[in-house]
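# Structure at a glance
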Amino acid sequence: MDKPSEWANNLVVVQKPDSSLRICLDPKELNNCLLREQYSVPTLEEITPKLINKKYYIVFDLRDGYYHIKLDEKSTPELFMKQNEKYFGDIEGVIIYFDDILIAADSIEQHEQIMNKIQCGTKTEEHKKILDTIKSLISEKSLLVHFNANKPVHIQCDASKKAIACCLLQEDLLTRNIIYKEEKDDESLRDLIHTVKVAEIKYSTEKLSELKSETNNDTILKRVIDYYVNGWPNQLKEENEINHYYKIKVELTVEEGLVYFNNRVVIPRVLRGEMLRRIHESHQGIEKSK
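In this convention, every chain numbers its residues from 1, walking through the sequence in written order. A pLDDT threshold of at least 70 governs which residues receive local features in this predicted model, and a stricter bar of 80 or more applies before side-chain atom pairs are shown or counted, although totals over entire chains, interfaces and linings include all residues. Hydrogens are left out, water is left out, and the side-chain values use all remaining heavy atoms of the structure.

## Thoughts on the nonpolar core
Selection rule: Nonpolar cores are built from buried Ala, Val, Leu, Ile, Met, Phe, Trp, Tyr and Cys residues. Side-chain atoms within 4.5 Å join them into one set. Residue exposure (1.4 Å probe, protein chains only): buried if accessible area is under 20% of the type maximum, exposed if over 50%, otherwise partly exposed. Helix and strand labels come from DSSP, where a helix needs a run of H or I of at least four residues and a strand needs a run of E of at least two; each type is numbered from the N terminus.
Ranked by internal contacts, the top residues of the largest apolar core, which has 14 residues, are Val224, Trp232, Tyr245 and Leu252. Secondary structure elements with two or more residues in this core: helix H8 (219–230), helix H9 (241–247) and strand S10 (258–261). Per-element tally for this core: the top contributor is H8, with four residues. Of all hydrophobic cores here, the second largest spans 11 residues; its members include Phe88, Ala105, Ile114 and Ile118.

Spelled out as structure tokens, the structure:
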């Protein structure tokens with residue numbers, strides 16, 4: 001605010017369990033001046049009889065639905081409930097309570113019928129056009145074709161710590177829709193994060209075992225693995241090597257006890273000298289050995 005105002009409240013930002021933020025204020029004085037929408041809200045005693053002997057239930061939580069209603073001096077939760085009653089209140093088996101829509105049915109068939117009525121009530125002609133466009137895009141030849149064993153295949157992958165996914169691509173889609181981008185390492189990290197491409201050195205069983213053992217003994221890499229498995233903190237203010245890993249955390253993965261930076265193994269500190277010596281022996285030169 002850059003000028004005096006009749007209405008002002010202090011804001012408090014609270015972090016929710018899912019790490020998103022909630023902005024809170026105490027508008028007690030403001031509430032005293034609001035003209036609320038007068039709309040009858042059902043009580044528990046009115047709702048309970050409608051649930052007797054029902055076997056199948058489902059609740060739609062429209063908590064974000066408030067964003068779809070233009071706010072003005074008359075807007076209240078009661079107004080949102082009024083809108084829900086307008087579109088869904090005449091459907092048998094549906095109970096409205098503010099931003100919750102409860103379906104109570106005697107059978108699976110009745111439950112499905114009610115669900116279809118709710119979906120039809122929320123779908124406009126504009127929605128239908130958008131849905132038809134999406135169907136057309138994902139079914140046209142440039143995106144969906146039969147596999148041809150005689151044509152080249154390209155696999156496009158992506159992964160997180162919880163899942164991995166890939167697409168098998170052929171035809172002209174490769175040249176039209178995929179953008180190849182050459183990624184360059186951050187020069188400032190080369191002396192701090194020592195990595196070796198998997199393809200450059202073939203590890204023996206003994207060497208792999210040693211790498212895993214020393215990774216487990218490396219205090220910094222142990223923290224990296226812990227953060228990778230359990231989640232990185234929102235902030236990390238430490239003047240040591242862990243801070244550099246934090247900067248590239250989205251490019252780090254952990255597999256079978258080893259830490260990878262993109263497709264390269266992160267070498268534990270005690271083995272870095274030996275690895276540099278082995279790479280130099282292959283005559284790649286100092287620049288390629290960083």
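From this point, things continue past the structure.
## With respect to the packing of helix H7 (residues 205–217) against H8
Using the following cut-off: Axes, fitted as lines to C-alpha atoms, cover a helix only where it is in contact. Angles between the N-to-C directions of the axes lie from 0 to 180 degrees. For classification purposes, an angle smaller than 35 degrees is called roughly parallel, one larger than 145 roughly antiparallel, one from 65 to 115 roughly perpendicular, and anything else oblique. Contacts: residue pairs with any heavy atoms within 4.5 Å of one another. Residue polarity follows a fixed list, in which Ala, Val, Leu, Ile, Met, Phe, Trp, Tyr, Cys and Pro are nonpolar, Asp, Glu, Lys and Arg are charged, and the others, Gly among them, are polar.
Where H7 meets H8, the axes come as close as 5 Å, and the angle between the chain directions of the two elements is 90 degrees. Judged by the angle between their axes, H7 and H8 are roughly perpendicular. Across the interface between the two elements, Thr215, Asn216 and Asn217 from H7 touch Thr219, Leu221, Lys222 and Ile225 from H8. Here the residues of the contact of H7 with H8 are counted per class, giving two nonpolar, four polar and one charged.

## Regarding the pairing of strand S5 (residues 100–105)
Spelled out, the test is: Paired strands, in this sense, are two strands between which DSSP finds at least two bridges.
The element S5 is largely enclosed, with a buried count of five among its six residues. Examined bridge by bridge, strand S3 (residues 56–61) and S5 share six bridges and lie antiparallel to one another. Paired with Val59 across the bridge in S5 is Leu102. Pairing of strand S4 (residues 94–97) with S5, which is carried by four bridges, proceeds in the antiparallel orientation. The residue of S5 that forms the bridge with Tyr97 is Asp100. Connecting S4 to the antiparallel partner S5 that follows it, the hairpin turn spans two residues, and Phe98 within it adopts a positive phi of roughly 55 degrees.

## A closer look at the packing of aromatic side chains
Heads up, the rule is: Stacked, tilted and edge-to-face are the three classes assigned to paired rings of Phe, Tyr and Trp, where Trp is represented by its six-membered ring and a pair needs centres within 6.5 Å; plane angles under 30 degrees give stacked, over 60 edge-to-face, the rest tilted.
Enumeration over the complete set of coordinates arrives at three aromatic pairs. Here the aromatic rings of Tyr97 and Phe98 are separated by 5.0 Å at their centres, their planes lie at 75 degrees, and the arrangement is edge-to-face. Judged by relative accessible area, which is 37%, Tyr97 ranks as partly exposed. Both rings, one in Tyr227 and one in Trp232, keep their centres 4.9 Å apart while their planes meet at 35 degrees; by these two values the pair is tilted. Note on accessibility: Tyr227 and Trp232 belong to one class, buried.

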